[in-house]
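# Structural overview
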Amino acid sequence: MKVETKLEGPELTEFLQEKALTIRRDIIKMTGIAGSGHPGGSLSATDIVAAIYWYALRHDPNQPKWKERDRFILSKGHAAPVLYAALAETGYINRDVLWTLRQFGSALQGHPDMRKVAGVEISTGSLGQGLAIACGIALAGRLDKLDYKVYTVIGDGESQEGEIWEAAMLAAHYKLDNLIAITDYNDLQIDGRVSDIKDVCPVDDKWRAFGWHVICIDGHDMDQIVAALDEARQLKGKPVMIEAKTIKGKGVSFMEDMVEWHGVAPNQEQMIAALKELGVDDWTSW
Amino acid sequence: MRRTCLNMVYELAKTDERIFFVGSDIGFGTLDEFKADFPGRFFVEGVSEANVIGLAAGLALEGKIVYTNTIATFITRRCFEQVALDLCLHNVNVRLIGNGGGLVYAPLGPTHQAIEDIAIFRALPRMAIVAPADAEEMKRLMPLTVDYPGPIYIRLAKGGDPVVTDPGMSFRIGKAFVMRRGKDALIVTTGMMLKAALDAADKLAQDGLKAAVLHMPTVKPLDTSVLLDLAEKAPIIVTVEEHSIIGGLGSAVAEAVAEANFDSVKRFKRIGIPDVFPNKYGSQAGLLTHFGIDTETIVSVIRQLNKRPSGQLATERN
Ligand SMILES: Cc1ncc(C[n+]2csc(CCOP(=O)(O)OP(=O)(O)O)c2C)c(N)n1
Ligand SMILES: [Mg+2]
C-alpha cells in the first residue's frame, strides 16, 4: 500500500496548505508546552515538509520500514517539531505524544531519534551530515534496483559545513538522480544573518558548479514547491537541489525573520497569540 | 559558568592584544562587547567546526592566543582530527571552550550530550583538560589559561550551578585539591560533581564513615602525586564524573592507582555514565539520577564497598 494524493490544481494546493497550517499549529503548541525547542526553522520548513509528505513521498505509515518507500531525511535536525508534526498527522506516531516533547522518557527529544520514533529515517542534530547519508541511501537504492527517491532538507547555515560540499561532489559524481535536496534558505542562523556570518551566496551557482540541477523557488508558495518537486522527480542524470527562499518563523508575525526565535520556545501567552494568528481561538481545544 | 568564562576572555583581551576569539554559531549577542571593542580580534565563523580549528591553529602559529567556543560535542568529536593534528601536534595555544559538558543538553539527545569528550581528548598528547566545579573556580582558572603552553580544553557545566569552592582557594592547571580529609574512603571527582561528592561525604559522616574528597578540576595532566598520596591510605576509592565510565576521570584514576602497586588492597568503583548512548531525554538532573550519578549512589556504593571485602558491584543502570 502507498499513500498518494489524487488531488490536482487548486484543490491540491488548498489541501497542502491545510496540512501546512496543521503542522504550524502543532509546532507552536508542541514547543510552547515543552518550554524549549526550535520554532523558527521548523516554521520556515513547514510548507516544504507538507508538500513532501502529502504530495511527493511514496510511503506507508503502517509500514515504516517498507523497502520501496521514498526516504525523507531532515538533515537540519533541530527542526524536529516540523517532522514530528508531519509524522503525527500522517499516522506514524500518536498525536498525544507531540505534547510530551523533550520530557524525560518521551520518544520525542530535541532532535529526531530513529531508535525511538517510527518514520525517522536517521538520527540527526549534528548539522552537515544528513546529505552524505542521503547519498549513501540513494546509492544503495540504485544498487538494489529499487526506484525510491531520497529527499532531504538542509539549512542555509548548515551549508557552511564542509561535509555538505563533500557530499555535493559525491552525489554529482555518481549522478544520483534519485536524490532531491531542498535548502531551507531563510538567511538566518544562530548568530544572525547567514549573509553576515558567512555568506553561502551565490548558493545556486555553487550547486550548479558542483554538477547539480538547481531549481530556485519561493519556499512558501505551494504551487512553486509542487512544480519544483515534479521537475525534480522527472529529472534524469543529476541530483537536484531545490533552493527554497523562506522566512524563518513563517506564519507567526512576531516570529517572522527574527533571529531570536531560532531556539526559543513561545511562553504560554506567546503560544496563545501565535495560535490565534494561525486560526485557533481556544488553544486547549487544538 | 559559561558567561563567567566568556566574560573573562573579554576582560583578558582588554590587556592582552594576543587574545583572539573565534566562535562557531554560539548564540546571538554572545560577547557583543568583545566584538565592539576589538573587532579585529573577534570572529564568528558559522557552522564549520573543522574549519574553525584550522583557522585558530593558523592564528596561534602566528603568536595569537585563540579562544574558541561552541557546543562541547561539536568542539570535540566533530573536529577531532583537526584538534589532534592542527592543535596538539603543533602544540599551539588554542583554548577550546565546550558548552554543556556531560548531560547538560539532556533534552537535545545524543547529538548534544558530551559524554566522551574527556576520554577522547585524554588520548591526545599535550592536551590539557580542565573542568572547573563552579563559576568562582572558573574565575581563578581563566587568567592562567593565557600563558599556559599548548592546547587546553575547558569543559563548561550548566549555568547557575551552586558555588561550592572557596573563593579564597588557589588554582593551578594540573593541581588537585583536597576538599575533605578522611581515612575510610576516598571520593575523587571533577567538574560540578564536586557538590554531590561533598554532600555524600557529609552523609557518610553520619554513619561514622570518614570519606576524603579530592577535587580534580584538571583531568589531564593528572595530579598523581596528591592522588596517590591519598589513595595509598584509602581502603575504598570511588570516582564520580558526569562522563562515560570509559576513558574519563575514573579511568585515569584507575590507571594511576593500579600502576602504583600499593601493598594494601583497594576496593574501587567508577560512578559515571555506563557504556551506552543515553536513550532517555529530559532534564540533566533526571538523567543524572537515571544513571545513578548522585549523592545517594555515592553513599550507597561506599557503604556496600565498606561491607564487602572484594568482588564487583552491580549498580550500573542504563
Ligand atoms: C555540527 C553542528 N554544529 C553546530 C550545531 C548547533 N546549531 C544548531 S542549529 C544551528 C544553526 C543552523 O542554521 P540553519 O542551518 O540556517 O538552520 P535554520 O535557520 O533553518 O534553523 C546551529 C549552529 C549543530 N546542531 N551541529
Ligand atoms: Mg537558516
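Below is a summary of the structure that appears in this document. (Residues numbered from 1 in each chain as written. Chains lettered and ligands numbered in written order. Predicted model: local features only at pLDDT ≥ 70, side-chain atom pairs only at ≥ 80, totals over all residues. Heavy atoms only, no water.)

## Overview of the interface of chain B and chain A
Which entries qualify depends on this criterion: Working rule for contacts: check all heavy atoms of both residues, and any pair within 4.5 Å makes them a contact. Note on definitions: buried area is the accessible-area loss of two parts on being combined, 1.4 Å probe, summed for both. Here, a salt bridge means any Lys or Arg side-chain nitrogen found within 4 Å of an Asp or Glu carboxyl oxygen. Between N or O atoms, a polar contact is any pair within 3.5 Å; within protein, one atom must be a potential hydrogen donor and the other a potential acceptor, and residues adjacent in sequence are included only when both atoms are from side chains. Numbering of helices and strands runs from the N terminus, with a helix taken as a DSSP run of H or I at least four residues long and a strand as a DSSP run of E at least two residues long. Classes in brief: Ala, Val, Leu, Ile, Met, Phe, Trp, Tyr, Cys and Pro nonpolar; Asp, Glu, Lys and Arg charged; the others, Gly included, polar.
On the chain A side, the residues contacting the 29 residues of chain B number 31 residues. The contact between chain B and chain A buries some 2,300 Å² in all, and 51% of this surface belongs to carbon and sulfur atoms. Taken as a group, V47, R78 and Y281 of chain B account for 31% of the area that chain B buries against chain A, more than any other trio of residues on that side. Linking chain B with chain A are three salt bridges, by the criterion used here. Among the ionic pairs, E45 of chain B bridges to K198 of chain A, the shortest N-O distance being 2.4 Å. Across the contact surface, chain B and chain A share 19 residue pairs in polar contact (both at pLDDT 80 or more). Looking at the side of chain B that touches chain A, the element that brings in the most residues is helix α11 (residues 284-290) of chain B, giving three residues. Its residues placed into classes, the side of chain B that touches chain A shows 12 nonpolar, 12 polar and five charged.

## Brief notes about the sheet that holds strand β5 (residues 128-130) of chain B
Residues and elements named next belong to chain B. Condition: When DSSP finds two or more bridges between a pair of strands, those strands are recorded as paired. Fitted lines through C-alpha atoms serve as axes, helices being fitted only where they are in contact, and the angles separating the N-to-C directions of these axes extend from 0 to 180 degrees.
Here we have seven strands laid out as an open sheet, ordered β2-β1-β3-β4-β6-β5-β10, and mixed in their pairing. Edge positions in the sheet fall to β2 (42-44) and β10 (218-220), since each has one partner strand and no second. When the angles between neighbouring strand axes are averaged without regard to direction, this sheet yields 20°. Sheet analysis places strand β1 (residues 19-23) next to strand β3 (residues 65-71), joined by five bridges and oriented parallel. Residue pairing across strands places V22 opposite T68, the latter belonging to β3. Together, β3, β4 (94-99), β5 and β6 (152-155) form the strand contacts of helix α7 (residues 135-145), whose direction differs from that of β6 by roughly 165°.

## What to know about the coordination of the magnesium ion (ligand 2)
This is how the line gets drawn: With water excluded from the atoms, a metal site may look incomplete; its donors are any N, O or S atoms within 2.8 Å, or within 3.2 Å for Na, K and Ca. The rule is simple: take the accessible area with a 1.4 Å probe, protein chains only, and divide by the maximum for that residue type; under 20% is buried, over 50% is exposed, in between is partly exposed.
Bound to the magnesium ion (ligand 2) are the protein donor atoms D156 of chain A (OD), N186 of chain A (OD1) and L188 of chain A (O), situated 2.1 to 2.2 Å from the metal. Judged by relative accessible area, which is 2%, D156 of chain A ranks as buried.

## Regarding the sheet that holds strand β12 (residues 267-273) of chain B
Residues and elements named next belong to chain B. One open sheet holds the five strands; their spatial order is β7-β9-β8-β11-β12, and the pairing between them is mixed. Edge positions in the sheet fall to β7 (177-180) and β12, since each of these pairs with one other strand and no more. Pairwise comparison of adjacent strand axes, ignoring direction, gives a mean angle of 20° for this sheet. Relative to strand β11 (residues 236-244), strand β8 (residues 185-189) runs parallel, the two being bridged by four bridges. From the neighbouring strand, L186 faces β11, where its bridge partner is I237. Sitting on the sheet, helix α8 (residues 194-206) is in contact with β7, β8 and β9 (211-215), with an inclination near 170° to β9.

## Considering unusual backbone geometry
Of note, the bond from C201 of chain A into P202 of chain A is cis; its omega dihedral lies within 30 degrees of zero at -5°. Structurally, the position occupied by P202 of chain A is in the loop between α7 (194-197) and α8 (203-209). The peptide bond linking K220 of chain B to P221 of chain B adopts the cis configuration, its omega dihedral lying at -5°. Position of P221 of chain B relative to the elements: it lies in the loop between β10 and α9 (224-233). Positive phi, normally seen in glycine, also occurs at D187 of chain A, with a value near 55°. Mapped onto the elements of the fold, D187 of chain A is located in the loop between β3 (179-185) and α7. Its identity as a non-glycine residue notwithstanding, D25 of chain B has a phi of 50°, on the positive side. Tracing the backbone through its elements, the reader meets D25 of chain B in the loop between β1 and α2 (32-37).

## What to know about the packing of helix α5 (residues 130-143) of chain A against helix α6 (residues 162-173) of chain A
Residue and element names in this part refer to chain A. Just so we agree on the cut-off: Under this scheme an angle from 65 to 115 degrees is roughly perpendicular, one under 35 degrees roughly parallel, and one over 145 degrees roughly antiparallel; angles in between are oblique. With the far helix as reference, a near helix turned anticlockwise by less than a right angle produces a left-handed crossing, and one turned clockwise produces a right-handed crossing.
The N-to-C vectors of α5 and α6 enclose an angle of 25°; their axes lie 8 Å apart at closest approach. With respect to each other, α5 and α6 are oriented roughly parallel. Seen from above, α5 lies across α6 with left-handed handedness. Mapping the contact onto sequence places L131, A132 and C135 in α5 and E163, I164, A167, A168, L170 and A171 in α6. Grouping the constituent residues of the contact of α5 with α6 by class yields eight nonpolar, no polar and one charged.

## Observations concerning the nonpolar core
This is how the line gets drawn: Residues belong to a common nonpolar core when they are buried Ala, Val, Leu, Ile, Met, Phe, Trp, Tyr or Cys residues joined through side-chain atoms within 4.5 Å.
Residues I28, Y53, F72 and I242 of chain A are the most contacted members of the largest nonpolar core, which totals 62 residues. At nine residues, helix α3 (residues 46-56) of chain A tops the list of elements feeding residues into this core. Non-local contacts of I28 of chain A, meaning those with residues more than four positions away in its chain, are made with L43, V252, M255, P266, M271, A274, L275 and L278 of chain A. Ranked by size, the runner-up nonpolar core spans 43 residues in total, among them V22, A57, A212 and M216 of chain B.

## Quick word on the side chain of E49 of chain B
Heads up, the rule is: Two residue types count as positive, namely Lys and Arg, and two as negative, namely Asp and Glu; His and chain ends fall outside the count.
In this structure, E49 of chain B sits in helix α3 (residues 49-61). Despite its burial, E49 of chain B remains without a salt bridge, the nearest opposite charge being carried by R78 of chain B at 4.4 Å.

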